[in-house]
Amino acid sequence: MVDSSFLFTAFLVVFVLFGLVTLAKGARTVKQYEKGLITRLGKYHAMAPSGLTFIVPFVDDIVRVDMREQVISVPPQKLITKDNVTVEVDAVVYYKVIDPVKSQYEVQDFGYACTTLAQTNLRNLIGDRTLDETLVARDMINTNLRQVLDEATNNWGCKVTRVEVQKIEPPRDITDAMSRQMKAEREKRAAVLEAEGIKQSQILQAEGKKQAEILKAEGDAQARITRANAEAEAIKLVSTAAETYFKDRAEMMRRLEVLNNTLAQNTKYIVPSNAGLVNVLGLDGIVPNAAPNVPSNVAATPRG
């Protein structure tokens, strides 16, 4: 017969073990960036905060929801633009859970749903634009796609914070044509800039030459004015000196020339003794009969 004390000890050990297993089963930890959703018999019951949480073992369960911002990669897909060019487009979607309850109970697989929605809207956005518009409207496509996804996922307890189209890759032949076009445009701009530089250089040279000619002409005119003023001043000084110092002598010289021309004809003239010609000839102090040097055809009469 089994001892009752042994049975009691065995029962006590089993009870302690069961208690420890139950305690371990009911103790749950929720990380700082998570929210814990406590479900009781499959139904949402409460939300557990971060840290250590105890639930009812074998009855309650806990679902952890990551509240950090997460990223979904939209795989590349081939889309047709408005001008019938096939391009390969991919994107990334950044989202954040704002309502953990809705994120668990309103959508089955948020990642798959968001990816499918993004691909569908990308097809619409790219199809409404030509290739050139698509390549330059990347920011507009990002903004429109983010708005569409944000409106659609708002009921799912998530918020799309950012959408980035990573690449828009046209076919190889279109890329080669675009490269040749860009090269031609660059060469055209280089030629235009070079022509503008040559034109500007010629204009500057012509302006410099014009300014030099103007300055030279102004210098020549100023030099001529200065020379003319100097010559006028010199003539004025000569005239003043002649007027001051040589007027009387000039008159005498003129008289002598007249006398010389007159006496050259051997004609006798009677010149009064008080005439100016006598003074010019130096005959005013000489007696008429005692003037051997006086020309034979000149006779001075005494005053009276």
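Let us now look at the overall build of the protein chain. Counting secondary structure elements, the protein chain contains 7 helices and 10 strands. Out of the 304 residues belonging to the protein chain, those deemed buried represent 24%. Within the protein chain, contacts between residues separated by at least 24 positions form 66% of all contacts whose residues are at least 6 apart in sequence. For the protein chain, the accessible surface area stands at approximately 21,600 Å², while carbon and sulfur atoms represent 57% of it.

On to helix 3 (residues 110-127). Across its 18 residues, helix 3 extends 26 Å between first and last C-alpha, which sits within 8% of the 26 Å expected from 1.5 Å per residue. Among the residues of helix 3, Phe110, Ala113, Cys114, Thr115, Ala118, Gln119, Asn121, Leu122, Leu125 and Ile126 are the ones counted as buried. Summarising the contacts, the buried residues of helix 3 are in contact with strand 6 (70-80), strand 7 (86-97), helix 4 (131-136), helix 5 (138-153) and strand 8 (158-169). You can read the cap of helix 3 off the contacts: a side-chain oxygen lies 3.3 Å from the backbone nitrogen of Gly111, and it is on Asp109.

Taken together, the 3 strands give an open sheet; going across it, the order is 3-2-5, and neighbouring strands pair in antiparallel fashion. Among the strands making up the open sheet, the edge pair consists of strand 3 (43-48) and strand 5 (60-66). When strand polarity is set aside, the average angle formed by the axes of neighbouring strands in this sheet is 30 degrees. Here strand 2 (residues 34-40) pairs with strand 5 via 7 bridges, running antiparallel. The residue bridging Arg40 from the neighbouring strand is Asp60, located in strand 5.

Moving on to the environment of Asp139. Tracing the backbone shows Asp139 in helix 5. Separated by 26 residues in sequence, Asp139 and Val165 have C-alpha atoms that sit 8.5 Å apart.

Right, let's get into the packing of aromatic side chains. Overall, the coordinates contain 3 aromatic pairs when judged by the stated rule. Where Tyr44 meets Tyr105, the ring centres are 6.4 Å apart and the plane angle is 65 degrees; that geometry is what we call edge-to-face. Of the two residues, Tyr44 sits in strand 3 while Tyr105 sits in helix 2 (residues 100-105), which places them 61 residues apart along the sequence. Tyr44 sits in the partly exposed class, given a relative accessible area of 33%. The exposure class assigned to Tyr105 is partly exposed, which follows from its relative accessible area of 42%. With 6.0 Å between their ring centres and 90 degrees between their planes, Phe110 and Trp156 make a pair best called edge-to-face. Of this pair, Phe110 sits in helix 3 while Trp156 sits in the loop between helix 5 and strand 8, placing them 46 residues apart in sequence. Assigned by exposure class, Phe110 and Trp156 land together as buried. The residue whose ring lies beneath Arg68 is Tyr33, and the NZ or CZ to ring-centre distance is 3.7 Å. Here the basic side chain of Arg162 rests over the ring of Tyr94, its NZ or CZ set 4.5 Å away from the ring centre.

This part covers the sheet that holds strand 6. The strand order across the open sheet formed by 3 strands is 6-7-8, and the pairing between neighbours is antiparallel. What marks the edges here is a single partner per strand, and that holds for strand 6 and strand 8. Strand-to-strand twist across the sheet, computed as the mean angle between neighbouring axes with direction ignored, equals 20 degrees. Looking at chain direction, strand 7 and strand 8 are connected through 10 bridges and run antiparallel.

For soluble globular proteins, nonpolar side chains are generally found buried alongside one another. Grouped together as the largest cluster of nonpolar side chains are 31 residues, with contacts concentrated most on Val87, Val89, Val93, Phe110, Leu122, Leu149 and Val165. Taken together, the elements giving at least two residues each to this core come down to strand 6, strand 7, helix 3, helix 5 and strand 8. With 7 residues, the single largest contributor to this core is helix 3. Beyond its immediate stretch of four places on either side in the chain, Val87 contacts Gln77, Lys78, Leu79, Thr81, Ile126, Leu131, Ile168, Glu169 and Pro170. Val30, Ala48, Ile55 and Ile62 belong to the second largest nonpolar core, which has 5 residues in total.

We now examine the side chain of Gln77. Mapped onto the elements, Gln77 comes out in strand 6. Owing to a relative accessible area of 10%, Gln77 belongs among the buried residues under this scheme. Polar side-chain contacts of Gln77 include one of 3.4 Å to the side chain of Arg123. Not counting residues within four places of it along the chain, the set of residues in contact with Gln77 comprises Val87, Glu88, Val89, Gln119, Leu122 and Arg123.

Calculation notes
Residues numbered from 1 in each chain as written. Predicted model: local features only at pLDDT ≥ 70, side-chain atom pairs only at ≥ 80, totals over all residues. Heavy atoms only, no water. Helix = DSSP H or I, 4+ residues; strand = E, 2+ residues; numbered from the N terminus. Buried < 20%, exposed > 50% of the residue type's maximum accessible area, 1.4 Å probe, protein only. Contact = heavy atoms within 4.5 Å. Areas by Shrake-Rupley, 256 points an atom, 1.4 Å probe, with all protein chains shown as cover. Expected span 1.5 Å × (residues − 1). Polar contact = N/O pair within 3.5 Å; in protein donor to acceptor, adjacent residues only side chain to side chain. Pairing = 2+ DSSP bridges. Axes fitted to C-alpha atoms, helices over the stretch in contact; angles between N-to-C directions. Phe/Tyr/Trp six-rings, centres within 6.5 Å; stacked < 30°, edge-to-face > 60°. Lys NZ or Arg CZ within 6 Å of the ring centre and 35° of its normal. Core = buried A, V, L, I, M, F, W, Y, C linked by side-chain atoms within 4.5 Å.

Purely geometric numbers; function is a separate question.
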